[in-house]
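Here is how the chains run, residue by residue.
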Amino acid sequence: MTEKQFAAVRSDARHLRILAGAGTGKTRVLTHRIAYQINAVRIEPENSLCLAFTNKAATEIKNRMATMGEASLVETGTFHSIAYRQIKARWKDLGIRDEPDLISNQGSYLSRILPKNFNHAERNFILAEINWATARRISVDDYISEAENAGRVDVVPFVSVVEYFRKYLELKRKENFIDYDDIIQLAIRFLAEDANYAEARHWKFKDLFVDEFQDVNPLQFALLQAWLGSSSSLTVVGDPCQAIYSWNGADARFLNDFEQYFPNSQTVILKDNFRSSPEILALSSSILPMMERLDPKMQSGRLPTIRAELDEHEEARSVARLVKELAIGDIDLSDQAVLVRTHAQIPPIVEAFQEQEIKFTVASDRESGAGRDDGVQILTLHAAKGLEWKIVHLCGVEEGFHPIAHANTELALEEERRLFFVGLTRAEEQLHISWARNRALGSKRSRKPSMYIRELSDLLDPTPLKFDGDRKALSQKIRAFLGSQNVTDHQQKAFNSEQSCMDELDSIRRNIAKANDSKPEIVLSDDAIAALVSNKPKSIKDLRKIPQVSSVVIDRFGEQIIEIFS
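Calculation criteria
- Residues numbered from 1 in each chain as written.
- Predicted model: local features only at pLDDT ≥ 70, side-chain atom pairs only at ≥ 80, totals over all residues.
- Heavy atoms only, no water.
- pLDDT = per-residue confidence, 0-100.
- Contact = heavy atoms within 4.5 Å.
- Core = buried A, V, L, I, M, F, W, Y, C linked by side-chain atoms within 4.5 Å.
- Buried < 20%, exposed > 50% of the residue type's maximum accessible area, 1.4 Å probe, protein only.
- Helix = DSSP H or I, 4+ residues; strand = E, 2+ residues; numbered from the N terminus.
- Domains from an automatic or database assignment.
- Pairing = 2+ DSSP bridges.
- Expected span 1.5 Å × (residues − 1).
- Polar contact = N/O pair within 3.5 Å; in protein donor to acceptor, adjacent residues only side chain to side chain.
- Axes fitted to C-alpha atoms, helices over the stretch in contact; angles between N-to-C directions.
- Parallel < 35°, antiparallel > 145°, perpendicular 65-115°, else oblique.
- Left-handed = near helix turned anticlockwise from the far one by under 90°.
- Salt bridge = Lys/Arg side-chain N within 4 Å of Asp/Glu carboxyl O.

## Remarks on the confidence of the model for the chain
Looking at the chain as a whole, the pLDDT averages 90, with 91% of positions reaching at least 70. Confidence drops under pLDDT 50 across residues 464-472; counting only partners more than four residues distant or on other chains, this segment forms 13 contacts.

## A look at the nonpolar core
Within the largest apolar cluster, 39 residues are counted, with the highest numbers of intra-cluster contacts made by Leu-339, Leu-379 and Ile-433. Secondary-structure elements contributing two or more residues to this core are α14 (278-286), β11 (305-311), β12 (336-340), α17 (381-384), β15 (389-394), α18 (410-424), β16 (427-441) and α19 (451-456). Broken down by element, the residue count for this core peaks at five residues, all from α18. Two domains share this core, each providing at least three of its residues, namely domain 1 (3-84 + 183-270) and domain 3 (278-468). Here Leu-339 is in contact with Leu-379, Leu-381, Ala-384, Trp-389, Val-392, His-393, Leu-394, Cys-395, Gly-423 and Arg-426, once residues within four sequence places are set aside. If you look at the next biggest cluster of nonpolar residues, it comprises 37 residues, including Leu-51, Phe-190, Tyr-197 and Leu-234.

## Focus: the domain arrangement of the chain
Parsing the chain into structural domains produces domain 1 (3-84 + 183-270), domain 2 (101-175), domain 3 (278-468) and domain 4 (498-564). Summarising the inter-unit geometry, the C-alpha centres of domain 3 and domain 4 are found 27 Å apart.

## Concerning the pairing of β12
Counting buried residues along β12, five of its five residues qualify, which places the element largely inside the surrounding structure. By the bridge criterion, four bridges tie β12 to β15 in an arrangement that is parallel. Bridge pairing in β15 places Gln-336 opposite Ile-391.

## Details of helix α9 (residues 180-193)
Taking 1.5 Å per residue as the helical rise, α9 with its 14 residues ought to reach 20 Å, and the 20 Å between its terminal C-alpha atoms agrees with that figure. The N-cap of α9, judged by a side-chain oxygen 3.1 Å from the amide nitrogen of Asp-181 a few residues on, is Asp-179.

## Observations regarding the packing of helix α15 (residues 312-326) against helix α16 (residues 346-355)
Taken N-terminus to C-terminus, the directions of α15 and α16 make an angle of 45°; their axes are 8 Å apart at the nearest point. In this view, α15 runs oblique relative to α16, as classed from their interaxial angle. In this structure, the crossing between α15 and α16 has a hand that is right-handed. Here Glu-312, His-313, Ala-316, Arg-317, Val-319, Ala-320 and Val-323 of α15 lie close against α16, whose contacting residues are Pro-348, Ile-349, Glu-351, Ala-352, Phe-353 and Glu-355.

## As for the pattern of salt bridges
Under the defined criterion, the tally for this structure stands at 33 salt bridges. Beyond isolated ion pairs, a larger network of salt bridges with shared partners links Lys-26, Asp-211, Glu-212, Asp-215 and Lys-385.

## Some thoughts on unusual backbone geometry
Along the chain, His-402 connects to Pro-403 via a cis peptide bond; the corresponding omega equals 0°. For Val-41, which is not a glycine, the phi torsion comes out positive at approximately 55°. Turning to its location among the elements, Val-41 is positioned in the loop between α2 (26-39) and β2 (48-52). Classification of Val-41 as exposed rests on a relative accessible area of 64%. A positive phi angle is found at Glu-212, which is not glycine, with a value near 50°.

## Examining the side chain of Glu-309
Structurally, Glu-309 can be placed in strand β11. For Glu-309, a relative accessible area of 8% corresponds to the buried category. The contacts of Glu-309, once residues within four sequence positions are left out, are Glu-314, Glu-315, Ser-318, Trp-435, Ala-436, Arg-437 and Lys-514.

## A few points about the sheet that holds strand β7 (residues 233-238)
Sheet architecture is open: six strands sit in the order β3-β2-β6-β7-β1-β8, paired in parallel fashion. Each having just a single partner strand, β3 (75-78) and β8 (266-270) make up the two edges of the open sheet. Averaged over neighbouring strand pairs, the angle between their axes works out to 15° when direction is ignored. The pairing of strand β1 (residues 15-20) with β7 spans five bridges and is parallel. Of the residues in β7, the one forming a bridge with Arg-17 is Val-236. Packing of helix α4 (residues 79-93) onto the sheet brings it into contact with β2, β3 and β6 (207-210), and relative to β3 it is tilted by some 110°.

Here it is as structure tokens:
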């Protein structure tokens, strides 16, 4: 455990914020802090509560603490699961026999009041807007103005959302049903209505711990405040750079402005990354220039790669081939993941994997990570959050996906950057990025590489691809150049080595060009390759002496070129 991690574990601060960057061991620190505080007799396990945002995360925390002595006795669950147990117990105490039933499928329940001609996207939009407004504690009357101020996209007119929002609330009241957000609202109401009941709850759970605090929404934060008594303690763990759920109501300000909500609180920042190679971490950090830089602690590896393919089907096939090629030695299929921005990008990948007979699973956005031993996992960036793999294939990195086309505000564009950062930081050893020049989106349409690729091009390695028939022409030019330089017998014997260098240089220029929609000769001319093979530069200084090689190429790819001749 690092000095900073240990400081977070041992801190006796009543209100503690742990800012834990990607790969810095946040779950380890959180669980060890709970165990340490129990062993130091600062907290009692029976009066402690640990909150997570998904059942999977809660289960992981439970499993870790199961081997940590009395920490295994700490109540652990999601906001909804803990709140639901509390309100059910409260109903029993109050003698309420006709307690509401919980809606098992909110989408199906809502569909009962929606027009039959609404398509899948329109139905999902209405549901998402109702949940967003509820999570943000926005009333039906205030929905339109708040949605407009937030820059929400009106797939269905906002006035129609209000109409169905009202009908949804009325239907629940009439039939005595509640949804998951109603659970939290009821828990808040019960605590506010009865001071004695609230005091008992404060005693029951005196010390609270919250994981992934950047994902908390205003409704959940209100419940958290209601759960906290005058002598309660609170530890939160989170990462502002992984705040990717504002579209769903989350508000990272509760983490960022923690000291305003809890004066005299303490903050510990974790920056040592124990997940990704320095090359992957350098790329990831560059996408968020204002972030607190993470310090790589893993050994150096290969540069992340970039390649362009003709269309989404060729891209999918290339991913499938690469997955099979890399599944050797100690790399299993389950050590690899394919990440995409939207669900619409998944079918071509599934088809290619089926053709190649590659085992895979497609994870849902709600609970990802299950069944990872079955094969390669295919999932969206949102579903990938909190997970990691040795090798990550990030597909469809094009304009319209990264950032997503409907991100039309500064805040939305900032969140898209954080989402891309999350995708990059899932990779431990290798990261392979790809995009398609053409993609069927309603009709066949040409595509451009994402702005992120252009920004990060100097940190990406163009993946070697197959060469076409004009290799011979380049070879002839090289031979002619060497011949004009009065090649000696000794030099002639070394031609095989020079041919190898020529091949690597040709590979670099072709794939840089392919990734940037340019021509290979513009990146590095035949004369430049010939001059490089002849001079064999060993340093950047040597490279700058070769006039045929541009300064831009030297600045971006100079180290790669030098490595060829080392």
